[in-house]
Amino acid sequence: SDTLFHDAGSYFTGLVLSVCGHELGHICCGHTLNQSVSNQTSRNDERTADLFAQSIISATPFGSYLILSSLFVEIVFAWMSPNEEESPATTHPYSRERVYNILTSHEEYLNSLGINKSNIDDFLPRENK
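Fair warning: this is a prediction, and the values are worked out from it, not measured in the lab.

(A) Expanded view of the pattern of salt bridges. For the structure shown, the criterion picks out four salt bridges. Between aspartate 50 and arginine 98 there is a salt bridge whose closest N-O contact spans 2.7 Å. One end of the pair, aspartate 50, is in helix H2 (residues 39-59); the other, arginine 98, is in helix H4 (residues 95-105), and 48 residues separate them in sequence. Here aspartate 50 and arginine 98 have matching classes, each one buried. In this structure, aspartate 121 engages arginine 96 in a salt bridge whose closest nitrogen and oxygen atoms are separated by 3.2 Å. Placement of the pair is aspartate 121 in the segment after helix H6 (117-120) and arginine 96 in helix H4, with a sequence separation of 25 residues. Salt bridges sharing common partners tie together Glu46, Asp50 and Arg98.

So this is what it looks like as structure tokens:
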């Protein structure tokens, strides 16, 4: 039980570092200069900021831990977030897409741990089809 609380606290720290990298991505990519944008443009800006954060994460001495932390947190968000059918006009990518993007960004490392697109869906809520 103490280990669970320790790991949860560590994952939260990883989340904070990921969010900082994401927000820095918005600044470095000039997204803060956009005055009014469409939902699609906003989603693309979010994707770019996510990729920027993933690049920073992988370059740190704690990269492998932070990759797993961001993946874990995004899976949790997928369970807490509405799906596309329930909220089609969002300005952010859906958590499921963000999970897949993390897998793509760190494919070699995650594959070495046995985590890939063919088995990650076991950890995500089922899509309504």
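(B) Quick peek at the nonpolar core. Counting residues in each nonpolar core, the largest one holds twelve residues, listed as Ile57, Leu66, Ile67, Leu71, Ile75, Ala78, Val99, Ile102, Leu103, Leu110, Ile120 and Leu124. When contributions to this core are tallied by element, the ones reaching two or more residues are helix H3 (63-80) and H4. Ranked by residues supplied to this core, first place goes to H3 with five residues. Residues contacting isoleucine 102, with those up to four places away along its chain left out, are Gln54, Ile67, Ser70, Leu71, Glu74 and Leu110.

(C) Geometry of a nonpolar patch on the surface. Residues Phe72, Val76, Phe77, Trp79 and Met80 make up a contiguous nonpolar surface patch of roughly 520 Å² in combined accessible area. With respect to the helices and strands, phenylalanine 77 occurs in helix H3. Given the relative accessible area of 31%, phenylalanine 77 is considered partly exposed.

(D) Expanded view of the state of the cysteines. Following the criterion strictly, the structure yields zero disulfides and no others. With no disulfide partner, cysteine 28 has as its closest neighbouring cysteine sulfur the one in cysteine 29, 6.6 Å distant.

What counts and what doesn't
Residues numbered from 1 in each chain as written. Predicted model: local features only at pLDDT ≥ 70, side-chain atom pairs only at ≥ 80, totals over all residues. Heavy atoms only, no water. Salt bridge = Lys/Arg side-chain N within 4 Å of Asp/Glu carboxyl O. Helix = DSSP H or I, 4+ residues; strand = E, 2+ residues; numbered from the N terminus. Buried < 20%, exposed > 50% of the residue type's maximum accessible area, 1.4 Å probe, protein only. Core = buried A, V, L, I, M, F, W, Y, C linked by side-chain atoms within 4.5 Å. Contact = heavy atoms within 4.5 Å. Patch = residues over 30% accessible without salt bridge, like charges linked within 9 Å, V, L, I, M, F, W, Y side chains within 5 Å. Areas by Shrake-Rupley, 256 points an atom, 1.4 Å probe, with all protein chains shown as cover. Disulfide = S-S within 2.5 Å.

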